[in-house]
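# Examining the three-dimensional arrangement
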Amino acid sequence: MANHWRSQTGPEDSGTTCGGRQPQRSSTPRQPAHSLGSNQPRASSSRQAKGHQPEPRVASGTTTRRVSERTMQRTQVHGALSGAGRVGQPRGRVSGVNSASAGRRNLAGAGILIVGLVVAVALGALIMVAVRGCQSAPEPQGPGLATEGQIEVQIPEGAGTDVIAQAFVDARLVSDTATFTKAVAAAKADQSLKPGTYVFAAGTPVEAIVDQLTKGPNTSANRVTIPEGLTVAKTAAAVESALGIPAQDFMDQAKASLWVGSYPFLAAAQDDSLEGFLWASTYDFSGFTVDAKSVIKAMLDRYQQAVSKVDFAAGEEAIQQTYNVTMTDYDILKVASIIEREAVSESDRPLVASVLYNRLRDGMALQSDATMGYVTGGEVTADDLLKESPYNSYLNKGLPPTPICTPSIECIQAALAPASTNYYYFLIIENGSYSNHTFSQTYEEHLAAIDKAKADQGA
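This is a predicted model, so every value here is computed, not measured.

### Focus: the overall build of the chain
When helices and strands are counted, the chain shows 16 helices and 8 strands. Residues counted as buried form 44% of the 459 residues belonging to the chain. Total accessible area on the chain is roughly 23,000 Å²; 52% of this is exposed by carbon and sulfur atoms.

Next comes the structure, spelled out in structure tokens:
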């Protein structure tokens, strides 16, 4: 794709001033270089408490005896108490002993020899029956394992190993719960099994099932992935595509005023916007009926969790001392969002941050295409940069009114810890096999970097 260029004194369509266009950080190709901005979105994780179970009793003959915990568990699994789903006899019941002893009779009127012989025979029979009765009854047999097809299994939030085991037995993917729990124990995965919707082929080894459960759902059903760098509007579109929730419903609920009571960090949000707060992640709502509110709540929860260990105050104090620029947490989010749209590599982030802070310190306009790209929703032309807008960082100094996208945690960290440089410009180009990341101190150096990049690409 051909690159287009722009200088400060004679802008051309989609050119460069302080920086160059950043490429996509996913398999989606990023557009070639422009100024500070980038106008394409980038595609750049408890156990269920068991209720108290009353200890059951089972009858054997005319007596009632307590059942061991192990037997109780087995009878619950196989339906021995209720009879539901029972195949064969429940294990744990000792039979035949009482009837054998009841069958013993006094042999009055017989001779001593006959009495002794009969007693001996009766005792022998009693021992045989007792031994037979003490042997374990055959393990109940279920309907058998599935032999073909793809089988979907839903694991609810908070499900423990025992509940998950039964789900796979019911799905005929595992023969019995003991086999599953042993595999979980062997993998030391008891606390790592993740909820969601899974699909397994019949005959999948139990070890492979457990391994997948530790990784998370392997199907996209009722799941949405939000990459870093999306705006609220594009997040709404992604949610509609993945979950079927109308984008307009999402936008109607994406108002800071509707959520600030539960999330105090939204008090600083401008324009009643959740821009920057809808955290980028994969959200699995398998087994749940969701709407716009529940999705937004999950995203705000994830944001709150992600930044809970970030020391905003320390970073803001360091920026004040170094650049004499006063920053709030919300300002940091704005800077991070610009870094998200501008930087390509990990090493770019603190350097881009330094360019932004150097310009803020010296009262210079940021001159980022990315901020105006938030208004256009795509490419930024030379004419766009002449239009008045609070997001036009060519015509207005300082930060935009809101963040321009949701940044990654790495970009937030870069915004709090910029590199120490004298850079005021950067050129970042990713164009096929050509890559150029040049940071400059002066405008003349920046123009020279642009000319060299053109020559290198035969432009």
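### Focus on the pattern of salt bridges
What the rule picks out here adds up to 6 salt bridges. Residue Asp 301 is joined to Lys 297 by a salt bridge in which the shortest nitrogen-to-oxygen separation is 3.0 Å. Residue Asp 301 and its partner Lys 297 are both found in helix α10 (residues 292–307); the two are separated by 4 residues, about one turn of the helix. A residue is classified by how much of its surface remains accessible, and Asp 301, at 29% relative accessible area, is partly exposed. Take Lys 297: its relative accessible area is 41%, and that puts it in the partly exposed class. Salt-bridge contacts for Lys 387 lead to Asp 384; the nearest nitrogen and oxygen are separated by 3.2 Å.

### Structural notes on the environment of Leu 356
Considering the arrangement of structural elements, one finds Leu 356 in helix α13 (residues 348–361). For Leu 356 and Ser 368, which are 12 residues apart along the polypeptide, the C-alpha to C-alpha distance reads 9.4 Å.

### Remarks on the UniProt feature "site: Important for catalytic activity" (unreviewed entry) in the chain
UniProt marks Glu 342 with the feature "site: Important for catalytic activity" (unreviewed entry), using the numbering shown here. Residue placement: Glu 342 occurs in helix α12 (residues 329–342). The class for Glu 342 is buried, based on a relative accessible area of 0%.

### A look at the pairing of strand β8 (residues 434–440)
When strand β7 (residues 425–431) meets β8, the two strands line up antiparallel, connected through 7 bridges. Looking at the pairing, Ile 428 lines up with His 437 of β8. Counting the residues that bridge the hairpin from β7 to β8 gives 2 residues, and of these Gly 432 lies at a positive phi of roughly 65°.

### Looking at α10
End to end, α10 covers 23 Å across 16 residues, agreeing with the expected 22 Å (1.5 Å per residue, within 8%). Burial in α10 covers these residues: Ala 292, Val 295, Ile 296, Ala 298, Met 299, Leu 300, Arg 302, Tyr 303 and Val 307.

### Thoughts on the packing of aromatic side chains
Enumeration over the complete set of coordinates arrives at 16 aromatic pairs. Between Phe 277 and Tyr 303 the ring centres are 5.2 Å apart and the planes differ by 80°, which places this aromatic pair in the edge-to-face class. One end of the pair, Phe 277, is in the loop between α9 (256–259) and β6 (282–284); the other, Tyr 303, is in helix α10, with 26 residues separating them in the sequence. Of the two residues, Phe 277 and Tyr 303, both sit in the buried class. Considering the side-chain rings of Tyr 423 and Phe 439, the 5.7 Å spacing of their centres and the 35° angle between planes classify their relative orientation as tilted. Here Tyr 423 is found in the loop between α15 (409–416) and β7, whereas its partner Phe 439 is found in strand β8, with 16 residues between them in sequence. For Tyr 423, a relative accessible area of 24% translates into the label partly exposed. Ring pairs connect the aromatic residues Trp 259, Tyr 263, Phe 265, Phe 277, Trp 279, Tyr 303 and Tyr 330, which therefore count as one cluster. A cation over a ring is seen here: Arg 359 above Tyr 425, with NZ or CZ 5.0 Å from the ring centre.

### Some details on the nonpolar core
Counting 67 residues, the largest nonpolar core has Phe 250, Leu 274, Val 295, Ile 332, Ile 339, Tyr 357 and Ile 412 as its most contacted members. Listed in part, the 22 residues of the second largest apolar core include Val 153, Ile 155, Ala 171 and Val 210.

### Topic: the environment of Asn 358
Examined against the element boundaries, Asn 358 turns out to sit in helix α13. Asn 358 sits in the buried class, given a relative accessible area of 0%. The spacing of Asn 358 and Thr 322 is 36 residues in sequence and 9.7 Å in space, taken between C-alpha atoms.

### Quick look at α12
In this model, α12 (14 residues) spans 20 Å end to end at C-alpha, consistent with the 20 Å of a helix rising 1.5 Å per residue. With 13 of 14 residues buried, α12 lies mostly within the body of the structure.

### As for the confidence of the model for the chain
Averaged over all residues, the pLDDT of the chain is 76; the fraction at 70 or higher stands at 68%. The low-confidence segment residues 1–17, where pLDDT is below 50, has 70 contacts with residues more than four positions distant or belonging to other chains. With pLDDT under 50 throughout, residues 19–142 is counted as low confidence; its partners more than four residues away or in other chains account for 215 contacts.

### As for the state of the cysteines
Put plainly, a disulfide is one covalent bond tying together the sulfur atoms of two cysteines. If you walk through the whole model with that rule in mind, you get 0 disulfides. Cysteine Cys 405 remains unbridged, with the sulfur of Cys 411 as its closest cysteine sulfur at 7.7 Å. Given the relative accessible area of 0%, Cys 405 is considered buried. By relative accessible area, Cys 411 is classed as buried at 1%.

### Regarding the side chain of Asp 331
Mapped onto the secondary structure, Asp 331 falls in helix α12. Looking at Asp 331, the relative accessible area reads 15%, which means it is buried. Beyond its immediate sequence surroundings of up to four residues, Asp 331 is in contact with Thr 326 and Leu 399.

### A look at the side chain of Asn 358
A distance of 2.8 Å separates a polar atom in the side chain of Asn 358 from the backbone oxygen of Tyr 423. Excluding residues that lie within four positions of it along the chain, Asn 358 makes contacts with Tyr 323, Thr 421, Asn 422, Tyr 423 and Tyr 424.

The rules behind these values
- Residues numbered from 1 in each chain as written.
- Predicted model: local features only at pLDDT ≥ 70, side-chain atom pairs only at ≥ 80, totals over all residues.
- Heavy atoms only, no water.
- Helix = DSSP H or I, 4+ residues; strand = E, 2+ residues; numbered from the N terminus.
- Buried < 20%, exposed > 50% of the residue type's maximum accessible area, 1.4 Å probe, protein only.
- Areas by Shrake-Rupley, 256 points an atom, 1.4 Å probe, with all protein chains shown as cover.
- Salt bridge = Lys/Arg side-chain N within 4 Å of Asp/Glu carboxyl O.
- UniProt positions renumbered as here; feature names shortened; annotations may be inferred.
- Pairing = 2+ DSSP bridges.
- Expected span 1.5 Å × (residues − 1).
- Phe/Tyr/Trp six-rings, centres within 6.5 Å; stacked < 30°, edge-to-face > 60°.
- Lys NZ or Arg CZ within 6 Å of the ring centre and 35° of its normal.
- Core = buried A, V, L, I, M, F, W, Y, C linked by side-chain atoms within 4.5 Å.
- pLDDT = per-residue confidence, 0-100.
- Contact = heavy atoms within 4.5 Å.
- Disulfide = S-S within 2.5 Å.
- Polar contact = N/O pair within 3.5 Å; in protein donor to acceptor, adjacent residues only side chain to side chain.

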